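# Examining the three-dimensional arrangement
Chain by chain, the residues run as shown.
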Amino acid sequence: MNADVLIVGAGPSATAAAARLRAGGLSVLMLDRKDAPAKPCAGGLTIKTLDLMPWSVAPVIERLAHGIAIGIEANGTSRLAYFPHRDPICAFAVRAAFDRL
């Protein structure tokens, strides 16, 4: 196999890079280890990532996060603090659906 560029991994950043390289006329070979389970964050897409994608991933978005919850433990006491945001801060997709897209 011959290619101008080899990209290892097929996550959001890699696929965006491959699309831009292909649009620039380069041949691209992507390798991804499919037999390993996806890491837990594999379905999380930051808004910055979505803004940089060369195509819409809206068809595979399952839900949007409008804030972040942080567990706090101090002096033997635990509590959960939630920090809401007016706009979405992260989108979630099922990794298999994202990969097919």
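Residues numbered from 1 in each chain as written. Predicted model: local features only at pLDDT ≥ 70, side-chain atom pairs only at ≥ 80, totals over all residues. Heavy atoms only, no water.

### What to know about the overall build of the protein
Heads up, the condition is: The helix and strand labels rest on DSSP assignments: H or I over at least four residues marks a helix, E over at least two residues marks a strand, and numbering proceeds from the N terminus. Both definitions apply: the radius of gyration is a C-alpha atom measure, and the globule rule equals 2.2 Å times residues to the power 0.38. Burial classes follow relative accessibility: with a 1.4 Å probe on protein chains only, a residue under 20% of its type's maximum area counts as buried, one over 50% as exposed, and anything between as partly exposed. It only takes one pair of heavy atoms within 4.5 Å for two residues to be counted as in contact. All accessible areas in this document rest on Shrake-Rupley with a 1.4 Å probe, and a residue is counted as covered only by the protein chains that are shown.
When helices and strands are counted, the protein shows three helices and seven strands. In terms of overall dimensions, the protein is more spread out than a globule: its C-alpha atoms have a radius of gyration of 18 Å, far above the 13 Å expected for 101 residues. Across the 101 residues that make up the protein, the buried fraction comes to 24%. The contacts of the protein with a sequence gap of at least 6 include a subset with a gap of at least 24, amounting to 54%. As displayed, the protein has an accessible area near 7,400 Å², and 58% of this comes from carbon and sulfur atoms.

### Quick look at the environment of A18
With respect to the helices and strands, A18 occurs in helix α1 (residues 12–23). Overall, A18 belongs to the buried group, its relative accessible area being 8%. Residues A18 and V57, spaced 39 residues apart in sequence, show a C-alpha to C-alpha distance of 15 Å. In contact with A18, other than residues within four places in its own chain, are I7, V28 and M30.

### Concerning the sheet that holds strand β3 (residues 44–46)
Where strands meet in a sheet, backbone hydrogen bonds hold them as pairs that are either parallel or antiparallel. Stated precisely, the cut-off is as follows: By definition, two strands form a pair when at least two bridges between them are found by DSSP. Axis definition: a line fit to C-alpha positions, over the contact stretch in the case of helices; interaxial angles, taken between N-to-C directions, run 0 to 180 degrees.
If you trace the three strands from one edge of the open sheet to the other, you get β3-β7-β4, paired in antiparallel fashion. Edge strands, defined here as strands with exactly one partner in the open sheet, are β3 and β4 (61–65). Averaged over neighbouring strand pairs, the angle between their axes works out to 30° when direction is ignored.

### Quick word on the packing of aromatic side chains
What counts is decided by this rule: Pairs were defined over the aromatic rings of Phe, Tyr and Trp, the Trp ring being its six-membered one, requiring ring centres within 6.5 Å. Orientation was assigned from the angle between planes: stacked under 30 degrees, edge-to-face over 60, tilted for the rest. As a reminder, the over-ring test applies to NZ of lysine and CZ of arginine, requiring each to be within 6 Å of the ring centre and within 35 degrees of the ring normal.
In total, this model carries zero aromatic pairs according to the counting rule given. The ring of F92 has R63 sitting right over it, with the charged end atom 4.6 Å from the ring centre.

### Describing α1
In plain terms, the rule: Take the residue count of a helix, subtract one, and multiply by 1.5 Å to get its expected span.
When the terminal C-alpha atoms of α1 are compared, their 17 Å separation across twelve residues agrees well with the 16 Å that a helix rising 1.5 Å per residue should span. Those residues of α1 not exposed but buried are P12, A14, T15, A16 and A18. If you follow the buried residues of α1, they end up packed against β1 (5–8), β2 (28–31), β3, α2 (47–52) and α3 (95–100). Count one or two residues on from α1 and you reach G25, which has phi positive near 95°.

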